[in-house]
Each structure stands twice: as C-alpha cells, then as structure tokens.
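Structural overview for review
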Amino acid sequence: MEVGLRTSLPPLHTLRHARRTTFNRVFVAIYTCAILALLYHHALKLIFHSTTLSSFFITLSFFISDIILAIVWATQQCFRITIVYRDEFPENLEKVMKKSDFPTLDVFICTADPYKEPPIRLVNTALSVMAYDYPTEKISIYVSDDGGSQLTLFACMEAAKFASHWLPFCRKNNIVNRSPEAYFASNHLWCSDTEKIKIMYESMKVRLENVLERGKVDEEYITSELERRALSKWTDEFTCQDHSTIIQVLLESSKNKDIADHLMPNLIYVSREKSKTSPHHFKAGALNVLVRVSSAMTNAPIILTLDCDMYSNDPQTPLRALCYLSDPKIRSKLGYIQFPQKFHKINKNDIYACEYKRVFQTNPLGLDGLLGPNYVGTGCFFNRRVFFGGPSTLISPEITEIGPYHVVDKPIQSQPIMELAHKVARCNYENNTKWGFEMGFKYGTLVEDFYTGFRLKCEGWRSIFCNPKRPAFLGDAPISLIDVLNQCQRWLIGGLQVGFSKFSPLTFGTRSMGLMMGLAYSFYILWPSWLFPITIYAFLPQLALLSGVSIFPKLSEPWFFLYVFLFLGAYGHDLLEFIVEGGTVQRWWNDQRMFMIRGLSCVLFGSLEFFLKCLGISTYGFGLTSKVIDDEQSKRYEQGVFEFGVPSPMFVPITMAAIINLVSFFMGLIQVLKGSNLEGLFVQMLIAGFGVVNSIPIYEAMVLRSDKGKMPLKTSTISTCLVLALYVLVSLPLRN
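Residues numbered from 1 in each chain as written. Predicted model: local features only at pLDDT ≥ 70, side-chain atom pairs only at ≥ 80, totals over all residues. Heavy atoms only, no water.

Between helix H22 (residues 651-673) and helix H24 (residues 696-704), the shortest axis-to-axis distance is 10 Å and the interhelical angle comes to 95°. For the element pair H22 / H24, the angle class is roughly perpendicular. Contacts between H22 and H24 involve Ile654, Thr655, Ala658, Ile659 and Leu662 from the former and Ile698, Tyr699 and Met702 from the latter. Residues that form the contact of H22 with H24 fall into these classes: seven nonpolar, one polar and no charged. (Axes fitted to C-alpha atoms, helices over the stretch in contact; angles between N-to-C directions. Helix = DSSP H or I, 4+ residues; strand = E, 2+ residues; numbered from the N terminus. Parallel < 35°, antiparallel > 145°, perpendicular 65-115°, else oblique. Contact = heavy atoms within 4.5 Å. Nonpolar A, V, L, I, M, F, W, Y, C, P; charged D, E, K, R; others polar.)

In structure tokens:
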C-alpha cells in the first residue's frame, strides 16, 4: 500500500488494488482463446463452406463483425486488469502544512447560452465553489460567458450579492450542500436564518427568470452605477458572434467582505472578444482565454474546471485534491486530479444510460492503475504547469507575465493588470503562437477534454482518479432521447477527428504512452466501428430467418456452445463490473439497450457527417445540450417513458430494427410451430427475441402511446416502407 508524504507524517492518501484483478486477467485469457476459436470457425466456413455468393457474403459479414467486436473488446480489457482504489485524508492536511500555506485556486466555470443553460444553474455552481472549506481569500472564480450575454453577467452580479449572505450561513450552520438549490430541496434543518436566506434566494431566482423571459436587464433590476456601466456595454452593435472583450471584477478578495466581516473570493466575469473573421475554437478556445486572463490576474498554481451546471456537492473537495498535489513524491509529474462526473435527477433506472458509468466511473479506475484517467471536461483540478509543455520541457509563453511561475504583485483591478487581461483575451491574440497546439487546451476536435487529457499523457504527465463516497460534483443529464443522441454524435465526431489525426491514440499514443494506455485510449476512438457489427446483427440474422435460412450452428453442434459461452461470458462479465461499482441490474439492462440504440443512430449519422465533412460536403459545430426542462417531458422521464416526440432521422434505423426483429421473431415462431427447422434457426430466434425485448419502448411509442412523446407517424411510416424495401432486396438472394 502506498502512502502520501514521508512515513513520519500522517498519510494524505492511500492506494489499493482491486481484489478482482486476478479474476479479470484469467477471464481475459480464457475469453481470448474463445474469440480465436470463433474466428477460426469463421475462416473455415468462409474457405470451405461458402459455396454461393450469398453464403460467402453472410459468412464474410459475420467474420468482419466479430473481428471488430473482438478488437473493441480487447481494448476495453485494458480498463479491467489494473483497477485501483484510492482514499484521501484531508483531515491530515493541517498536520502536514499550515492553512496559510495552502496554494491559491482559480476556478473556471464555462457557459455559452443562457437559454440552453439557465443562469440559475450557473449561480448555484458559482456559489457552491465560493463556499468551499478553503481560505476564501485564496479562491478566484472566473466565469467564461462564450455567449456574450448581459443576462449571464446579471446572474453573476446577483450571485455576488447573494454570496455575502450565503457564505456566512454555510459557515455558521456547517452546511454540506452548498448549492442553494440542492440545499433547499433537501431535508434541511429549519431555523429563522434558513427562512430568511430561502426568501432571499427565491427572490433572486424570480429576478433571473424575469430577466431571462424579457431577454434584457431592465432598469428596475440595476441597483448601482457600477452595474449600470457594466451592463451598458451591450449596445445595438453588440452581438454574441462579434464583440469586444468584457472583463468585469464583481468581487475582489482584498476589498469585499461578507456580512460576517470575512473576506470574499474573487469573482470575475469574462467574455472574450469575438469576430466573425477569427476562429474561436469553441470551449477549448474559451478555456485558453481563461488560462491567460487568470495568469495575468491571479495566476493560482491550481485550476479547477467546471461546466456551469456541475455544482460542487462536497465543500472539502479542494482539500482532497490537495492531498495529492502537495505530495512531493508525485507532484513533479502530476498533471491533474479528475473527479467522476456524476448526475442528479437521473430517473430510477436511468433509461437513457446518461450515467455513463463505464466512461466516468469504471474505466477511470482501470486507467488509474496505469498513467491515470482521462480529462472529462469538468470536475478536474489541474496543475497550471501542465499547460506549458511536458514535465521536463517548459514552453515559455510569448508574454512572461502569463507564465506558470509568474507572481502577480498588483491588485487585480489595477490598470496594468486589466490592460494585460484584455490583451490576452483578444480574438487574434493566438495568431502565430503555440496556444491550442503545444500550450493550453488542445484544438482540432469537438472533444477538447478527451484530446487535451490524451496529449498531456503523451507529453509525460500522469493523472489521478479521486472518487470519494460522497460525489464531489453533481450535474444535469439530458432527459430526452434526441438530446442524448445529439450529445453522443458530437462526442463520436470528435473521436473520429482525433483518430484520423497525426496524434491517433492507436499509433502516436501507443508510442508515447505505451501499449496498454494506447489501446485504452483507442477504445474511445473505435466507437464508430460499432456501426458495422451492430447493423449486421440487428438485420442479417432476422432477414435470413424470414427466408428460413439457417446461418448459425445447430443446437447439436459443438460450435453452438462456443457462441453461448461468448455471449454469456461477455454480458456476464460486463454485468459483474457494473454491479460491483454500485450499479443495478435494471440500469445495466438499460445501458446495454442504449449501446445498441446509439450504434444504429448517432454512430451512423455521426460517422456519415464526419466523412461528408472530409469530402467538403457538410460541416459541424459545437452544439450545446439543452438543460431546459419541460414539465410534461420531465414527468414522462421520471416515469421511465422514452421520449420520441421530435421527428428525427436518427429514429428511423432503430425503428426499422425494432420492426424487422418483431416480424422475424413471430415468423420464425410460426415456422417452429409448423415443425420446421428449430435446431437450425434457434440462434437466429434468440437474437431476434433479444432485439424484441430491447425494443419494447419503441413498440409502445409506435402503437400504445398518445402523449407528445410518442413516435411520430412519419417516422413509423418511413421505417416500415424501408423495412419492406430491404426485405424485397435481400430475400431473393437469401432464398437462392
């Protein structure tokens, strides 16, 4: 067991290996042999038994499908054979270092659209980190408003005023839920102070909702000349795509105090300069501006990045991160500490698999046993030094005042500091510099988080996965299927951009990080390859079943038991990993269903859009996932009912698969009842039946429901016509 700091001092952290590691390694060895046997079976069948063109096509399709599935499975095992768990002891920090020696902390909160990301969520996130159990004068919060909206600035102003009451309230009552919304929604203790602070919060909430509804900040909500001057920058010529830099210091720790006479954190609003003629690089560009602006103003050695809807759920979170960042044994190469991305208000069985347990919770445990988890875009404490080259190679920025070791010795609102901050936030500042390529967050993909974490590992940095029992951060998850699929499509396109770049994890990553880490990162860029095997298994066995053609081993053949082992082994092992990490059987079932739904929808359309873009036919951008919740939609989500109400081409392939699985299953059942070839068609019946069970929400949406979330008639009609056309096209060659 490893311990942090010297053995003479109390430990700050410990590490232990998972007990199931040996079992996982043995299973991988056995399952690999089974996969090789299956591929051998396919090769024999392809060479010696494919006597017709259709049989050759069928055998080749399954051969290729199973090779792809085998490769994806192999890369996934990299997460399962080096699992480690960590524990932190923040109570020991003050035994190791003085509180006055705690490093300063810069917090980056990103938002881009007040209508898709309601300002009240931003307010709660900001307040939750302002109220950390950490010296407040050492905290600086930077809010990046990439939508350039005065509504967002107004929300930050309201947060600053409310914080002067909220922070003392949290200290006095030792509140754990330091997001006001989360606190008032919980079973909190009632007292006169609670009632007063709740009234203040509700009043602020009403003001924000009124301003959002009107689309502007009316005079009645402006309470000072400072606010009026700040909001006056939104002129008729101001647009979110074309405007000058706005940096507004709303709280300054050296001046502002709360009602209990304690110093407040710094709170700075930043909206970088935008121009229609300059690339802005989406979220990565906004984060790089914050890196430079914060370097000019405070230059804290630790940076926390957060999405605007990801509030802090544990006031001791920075202390947990400090348990690692203050360890001299590891800090020279420690780039960042990643906390798991967890969500609140997910319905009981997580019907859309929005928890992403493998991506955000299970896989990082395995990566932590190698070089560390990937960066997931939020809930991450960075060593500022990582943005300026590898551990042994410092890349000096073009201005020494924004270097990682520069000491800011002037007030943040002094003229030299503000001038420098505005300069480094200009839209053309990065021209002919290394920002986005060798320094800062990396450009060139829609998944800047994945790509940045990957490149940092290649440079020699390592990371740590901190997964305390109480979730450190909680965020919002999409509650409609189309939002889920659009989000996945964006991730998939970003993964393809990385995979087809010169920094592909499979080649560059393997050379830079080693085979295991290279394969682990390759698992994510191989997501698009799911399309082929999922499509083949969703349609080909069913079409063959409709034609009475047997394409799998009979029940009496030894190869049948190999198929059974491969199916039960993969699903059983996956279920075990899911349950061990706190999942439920129902959530696991919904997770595997969404795996297939994504494979036939967003994987298909994301891959198509990427390759069309490569041909210069299409384009893509960074789309936000809406956090606005409709009451009826929310009610259906809580009841576990799928949302199909929006006509979308993404629903056509999954509806087609649902129809053809249902029809083929019942047609096969009729053949069996007539005394037909049960032994030869059993596996196809099993696959079709599996598809039918997974498609139950689709059948309900097509036939049984009348609410707004039902399947659009247009989608059902198009899908049915396409299924008929597919059957006519394929049935004749299959029968021959």
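This is not the end of the story, as more comes after the structure.
Okay, the state of the cysteines next. Within the structure shown, the criterion is met by zero disulfides. Here Cys240 stays unpaired: no disulfide links it, and the sulfur of Cys427, its closest cysteine neighbor, is 14 Å away. Its sulfur unpaired, Cys614 is 18 Å from the next cysteine sulfur, which belongs to Cys602. Among the residues examined, Cys614 registers a relative accessible area of 52% and is labelled exposed. (Disulfide = S-S within 2.5 Å. Buried < 20%, exposed > 50% of the residue type's maximum accessible area, 1.4 Å probe, protein only.)

This part covers a nonpolar patch on the surface. Taken together, the side chains of Phe23, Leu576 and Val580 present a nonpolar region at the surface, about 250 Å² in accessible area. Within the secondary structure, Val580 is located in helix H18 (residues 558-580). Under the relative-accessibility criterion, Val580 is labelled partly exposed at 41%. (Patch = residues over 30% accessible without salt bridge, like charges linked within 9 Å, V, L, I, M, F, W, Y side chains within 5 Å. Areas by Shrake-Rupley, 256 points an atom, 1.4 Å probe, with all protein chains shown as cover. Salt bridge = Lys/Arg side-chain N within 4 Å of Asp/Glu carboxyl O.)

Turning our eyes to something else, we now look at empty space enclosed by the protein. For the coordinates displayed, the defined rule picks out five cavities of 30 Å³ or more. Of the pockets and cavities examined, the largest cavity occupies roughly 70 Å³. Lining the largest cavity are His41, His42, Lys45, Ile58, Thr59, Phe62, Ile551, Phe552, Pro553 and Tyr563. When contributions to the lining of the largest cavity are tallied by element, the ones reaching two or more residues are helix H1 (21-49) and helix H2 (53-76). Class assignment for the residues of the lining of the largest cavity results in six nonpolar, three polar and one charged. (1 Å grid on protein atoms, 1.4 Å probe; cavity = no way out; pocket = protein on both sides within 12 Å on 5 of 7 lines; lining within 4 Å. Points joined across faces, edges and corners; volume = space filled by probe spheres on them.)

This part covers the side chain of Glu643. Within the secondary structure, Glu643 is located in the loop between helix H21 (631-638) and H22. What makes Glu643 buried here is its relative accessible area of 8%. A polar contact of 2.8 Å, which involves the side chain of Glu643, links it to the side chain of Arg636. (Polar contact = N/O pair within 3.5 Å; in protein donor to acceptor, adjacent residues only side chain to side chain.)

Looking now at the pattern of salt bridges. Applying the stated rule across the entire model yields 38 salt bridges. Between Asp368 and Arg86 there is a salt bridge, with its nearest N and O atoms 2.7 Å apart. Residue Asp368 is found in helix H11 (residues 357-368), and its partner Arg86 is found in strand S3 (residues 84-88); the two are separated by 282 residues along the sequence. What makes Arg86 buried here is its relative accessible area of 12%. The salt bridge partner of Arg228 is Glu225, with a shortest N-O separation of 3.2 Å. Of this pair, Arg228 and Glu225 both sit in helix H8 (residues 225-231), three residues apart, roughly one helical turn. With relative accessibility at 45%, the residue Glu225 sits in the partly exposed group. Where salt bridges share partners, they join Glu632, Arg636, Glu643, Arg705 and Asp707 into one cluster.

Our next topic: H22. Its 23 residues give H22 an end-to-end C-alpha distance of 33 Å, which sits within 8% of 33 Å, the value for a rise of 1.5 Å per residue. Downstream of H22 by one or two residues, Gly675 has phi in the positive range, about 85°. (Expected span 1.5 Å × (residues − 1).)

Further remarks concern the nonpolar core. In this structure, Trp166, Val293, Met297 and Phe382 are the most contacted members of the largest nonpolar core, which totals 214 residues. The leading source of residues in this core is helix H5 (residues 150-173), at 14 residues. With residues up to four places along the chain from it excluded, the contact list for Val293 reads Tyr142, Ile247, Val270, Ala421, Val424 and Ala425. If you look at the next biggest cluster of nonpolar residues, it comprises five residues, including Ala18, Ile83, Leu365 and Phe465. (Core = buried A, V, L, I, M, F, W, Y, C linked by side-chain atoms within 4.5 Å.)

One pass over the structure, following the stated rule, counts 61 aromatic pairs. Between Phe62 and Tyr537, the aromatic rings sit 5.1 Å apart at their centres with planes inclined by 70°, giving edge-to-face as the arrangement. Here Phe62, found in helix H2, pairs with Tyr537, found in helix H17 (residues 531-546); they are 475 residues apart in sequence, far enough to count as distant. The class of Phe62 is buried, set by a relative accessible area of 3%. Consider the rings of Phe644 and Phe651, whose centres lie 5.3 Å apart with planes at 75°: the pair is edge-to-face. Each of the two residues, Phe644 as well as Phe651, counts as buried. Cluster of aromatic residues (ring-pair linked, three or more members): Phe79, Phe450, Phe454, Tyr521, Phe523, Tyr524, Trp527, Trp530 and Phe595. If you follow Arg455 out to its NZ or CZ, it ends over the ring of Phe503, 3.9 Å from the centre. (Phe/Tyr/Trp six-rings, centres within 6.5 Å; stacked < 30°, edge-to-face > 60°. Lys NZ or Arg CZ within 6 Å of the ring centre and 35° of its normal.)

Bringing the sheet that holds strand S6 (residues 246-251) into the picture now. Spatially, eight strands are ordered S6-S7-S5-S4-S8-S12-S10-S13 in an open sheet, and the strand pairing comes out mixed. This sheet does not close on itself; its edge strands, each paired only once, are S6 and strand S13 (462-465). In this sheet, adjacent strand axes meet at a mean angle of 20° when their direction is disregarded. Both strand S8 (residues 302-307) and strand S12 (residues 380-383) contribute to a ladder of four bridges, which runs antiparallel. Bridging across to S12, Ile302 finds its partner in Asn383. Helix-sheet contacts for helix H9 (residues 282-297) involve strand S4 (105-111), strand S5 (139-145), S6, strand S7 (266-271) and S8, and the interaxial angle to S4 is about 150°. (Pairing = 2+ DSSP bridges.)

Turning our attention to the pairing of S12. Alternating positions in S12 separate into two faces, Cys380 and Phe382 on one and Phe381 and Asn383 on the other, with burial throughout. In the sheet, strand S10 (residues 334-338) pairs with S12 via three bridges, with the strands oriented antiparallel. Bridge assignment links Tyr336 to a residue of S12, and that residue is Phe382.

The next thing to look at is the sheet that holds strand S11 (residues 342-343). Taken in spatial order, the three strands of this open sheet run S9-S14-S11, and their pairing is mixed. The open sheet has two edge strands, strand S9 (311-312) and S11, and neither has a second partner. With two bridges joining them, S11 and strand S14 (residues 473-475) adopt parallel strand pairing. Its bridge partner lying in S14, Lys342 is registered against Leu474.

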